[in-house]
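# Geometric and topological summary
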Amino acid sequence: MKVVGIVGSPRSNGNTEYLVRNTLDEISKNGIEVELITLCDKKIDYCTGCDYCKKNNKCHIDDDMVLLTSKVKEADGIIMSSPVYFGDMTGLAKSFIDRLRPLRNIHAFKYKVCGALSCGGFRNGGQESTIASIHDFFLIQGAIIVGDDRPTAHYGCTGVGDTKKDTVGYDTSIYLAHRMCDVLKKINNK
Ligand SMILES: Cc1cc2nc3c(=O)[nH]c(=O)nc-3n(C[C@H](O)[C@H](O)[C@H](O)COP(=O)(O)O)c2cc1C
């Protein structure tokens, strides 16, 4: 089994990446392979709505999404993350999500276990609305979404400010990791 963690921040080594790394580290301790993917160093054009993917199950744009789409397709679990930009995900994260449209035709998310993670500069800065947007993407792709019933991790992992100092955010990354492993093992009979 493999979980791919996608960092939707335009900044490398930022607050979001730190928490995605925590989550993946905890998942790997449970014997599941992990891979971190940062979007900030990739060439990702935005979807132009040409509908080529509806007939061909692939996008006609030749950029880094060719490789990234295949990595998402092969993964058993996905963690999608973004910092909060004006109450929602970054344009980079949204471009990435939109370009995964070819996977919808083949129901690639049907048995994928998916969780969301968001970081903001402020408490109540829009982490939950950002996570809700990511969840919308997962739902429309037909994925299995997980959160956790432990304190503050209901919707997934949320960070505030400098996440290296955010102990509550750290806890939510661990809780999300545990829930991902729990459901992944259950549905894969491990
Ligand atoms: C354009 C822009 C808009 C932002 N909007 C919000 C916001 O609505 N709420 C919030 O809490 N933080 C907001 N922030 C702050 C970032 O979410 C915060 O600095 C975050 O930790 C950055 O994550 P990163 O280090 O992974 O890039 C905004 C930052 C930028 C650049």
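Here the structure is shown first, and the text comes after it.
Keep in mind it's a predicted model, so treat the numbers as computed, not measured. (Residues numbered from 1 in each chain as written. Predicted model: local features only at pLDDT ≥ 70, side-chain atom pairs only at ≥ 80, totals over all residues. Heavy atoms only, no water.)

## What to know about the site of the ligand
To keep it simple, the criterion reads: By convention in these notes, a residue is near a molecule or strand provided one of its non-hydrogen atoms lies within 4 Å of it. Two N or O atoms form a polar contact when they lie within 3.5 Å of each other; inside protein one atom must be a possible hydrogen donor and the other a possible acceptor, and for residues adjacent in sequence the pair counts only when both atoms belong to side chains. Note on areas: Shrake-Rupley with a 1.4 Å probe; residue coverage comes only from the protein chains shown. Here a helix means four or more residues in a row that DSSP labels H or I, a strand means two or more in a row labelled E, and each is numbered from the N terminus. Residues were grouped as follows: Ala, Val, Leu, Ile, Met, Phe, Trp, Tyr, Cys and Pro as nonpolar; Asp, Glu, Lys and Arg as charged; and all remaining residues, including Gly, as polar.
The full set close to the ligand counts 15 residues, and Ser9, Arg11, Thr16, Val84 and Gly125 are the nearest of them. Here arginine 11 contributes a side-chain N or O atom positioned 2.6 Å from an oxygen atom of the ligand. Within the backbone of phenylalanine 86, a nitrogen or oxygen atom sits 2.9 Å from a nitrogen atom of the ligand. In the complex, 74% of the free accessible area of the ligand, which totals 640 Å², lies under the protein chains. Only helix H1 (15-29) and strand S4 (113-120) provide two or more residues apiece to the shell around the ligand. Here the residues of the shell around the ligand are counted per class, giving 6 nonpolar, 8 polar and 1 charged.

## What to know about the layout of surface pockets
Quick note on the threshold: Using only the protein atoms, space was sampled on a 1 Å grid; points where a 1.4 Å probe fits but cannot get out form cavities, open sets with protein on both sides within 12 Å along at least five of seven lines form pockets, and lining residues are those with an atom within 4 Å of a point. Grid points are joined across faces, edges and corners, and a volume is the space filled by probe spheres set on the points.
Quantified by volume, the largest pocket comes out at close to 320 Å³. In terms of lining residues, the largest pocket is bounded by 16 residues, among which Arg123, Asn124, Glu128, Thr158 and Val160 are the most central. Only helix H6 (127-140), strand S6 (157-160) and helix H7 (167-187) provide two or more residues apiece to the lining of the largest pocket. Class assignment for the residues of the lining of the largest pocket results in 4 nonpolar, 9 polar and 3 charged. The space that makes up the second largest pocket amounts to roughly 250 Å³. Taken together, 13 residues make up the lining of the second largest pocket; nearest its centre are Asn57, Lys58, Cys59, Val66 and Thr69. Those elements that place two or more of their residues in the lining of the second largest pocket are helix H3 (65-74) and helix H5 (102-105). Among the elements that make up the lining of the second largest pocket, the one with the highest residue count is H3 (5 residues). Here the residues of the lining of the second largest pocket are counted per class, giving 7 nonpolar, 3 polar and 3 charged.

## Digging into the packing of H1 against H7
Note the threshold: Only C-alpha atoms enter the line fits that serve as axes; for helices the fit covers just the stretch in contact. Angles between N-to-C directions range over 0 to 180 degrees. Throughout, the term roughly parallel applies to angles under 35 degrees, roughly antiparallel to angles over 145, roughly perpendicular to angles from 65 to 115, and oblique to all others. Throughout, a crossing is termed right-handed when the near helix is turned clockwise from the far one, and left-handed when it is turned anticlockwise from it by less than a right angle. Here, two residues are considered to be in contact whenever any of their heavy atoms come within 4.5 Å of each other.
It is the contact of H1 with H7, at a shortest axis distance of 8 Å, that shows an interaxial angle of 40 degrees. By the angle between their directions, the pair H1 and H7 is classed as oblique. Viewed along their axes, H1 and H7 form a crossing whose handedness is right-handed. Contacts between H1 and H7 involve Leu19, Asn22, Thr23, Glu26 and Ile27 from the first element and Gly169, Tyr170, Ser173, Ile174, Leu176, Ala177, His178, Met180 and Cys181 from the second. Per-class residue counts for the contact of H1 with H7 are 8 nonpolar, 5 polar and 1 charged.

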